[in-house]
Amino acid sequence: NEDASGIADLLQHLVSLAGGLNGMDSLFLPSYVALRDHIRGQRREESSPLTITRDEWDRLAEGTGVQGWECERALGLFHAFGEVLRLPQGKKREDIVMSPQRFANVLACIITTEKHRRAYSRRALLRHSETDRIWKAYDSHLRDGFLQFLHDSDLAVPLQDESGPLGASLLFPMLSDMSG
């Protein structure tokens, strides 16, 4: 009616209606919780892959009830919360690190105190031509993403001069180890 006298009743009805919907008593949708639980279960398996493709992510998410555009939203949230890690890959493909804890091993190949690994970051320089050797244990299509992650996270900065890129990056965490 024109005097808005029924607004309180309408509000009470809407709150009651929303309270009866599935998942309204939870901070996250049940499908997101199912997806998180599935990912955590996969991590416990020794044979689980470090990464999956974006298409595999979408299939995994849809299998737990996350549908359509929600797959992108779930991926963004899971990345923000540290459940997964999106590897920057440009337009070629997108890979998702399913276990950010295992990703520490990728970083340890160059950011380390182990003498045999420090050869890859001599004088705090990561030579891009050596990434195939450094990350030989990982699929070759992931290596550009690993390097871009270092740049995006400010762990390294690509070096260049007025003529262009120098094919190396300065590794900030290794600056204290300038002994070579």
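Look a little higher up for the structure.
Residues numbered from 1 in each chain as written. Predicted model: local features only at pLDDT ≥ 70, side-chain atom pairs only at ≥ 80, totals over all residues. Heavy atoms only, no water.

With respect to the overall build of the protein
Then, number 1: Each helix and strand counted, the protein has eight helices and six strands in total.
Then, number 2: Classification of the 180 residues of the protein by burial places 34% in the buried group.
Then, number 3: In the protein, 56% of the contacts between residues at least 6 apart in sequence involve partners at least 24 apart.
Then, number 4: As presented, the protein carries roughly 11200 Å² of accessible surface, and 54% of it is formed by carbon and sulfur atoms. (Helix = DSSP H or I, 4+ residues; strand = E, 2+ residues; numbered from the N terminus. Buried < 20%, exposed > 50% of the residue type's maximum accessible area, 1.4 Å probe, protein only. Contact = heavy atoms within 4.5 Å. Areas by Shrake-Rupley, 256 points an atom, 1.4 Å probe, with all protein chains shown as cover.)

A few points about the packing of aromatic side chains
Then, number 1: Tallied over the entire structure, the rule returns six aromatic pairs.
Then, number 2: Their ring planes at 80° and their centres at 5.3 Å tell us that Trp135 and Phe146 sit as a pair that is edge-to-face. Here Phe146 lies in helix H8 (residues 143–152) and Trp135 lies in the loop between helix H7 (131–134) and H8, a separation of 11 residues in the sequence. Residues Trp135 and Phe146 agree in their burial class; the two are buried. (Phe/Tyr/Trp six-rings, centres within 6.5 Å; stacked < 30°, edge-to-face > 60°.)

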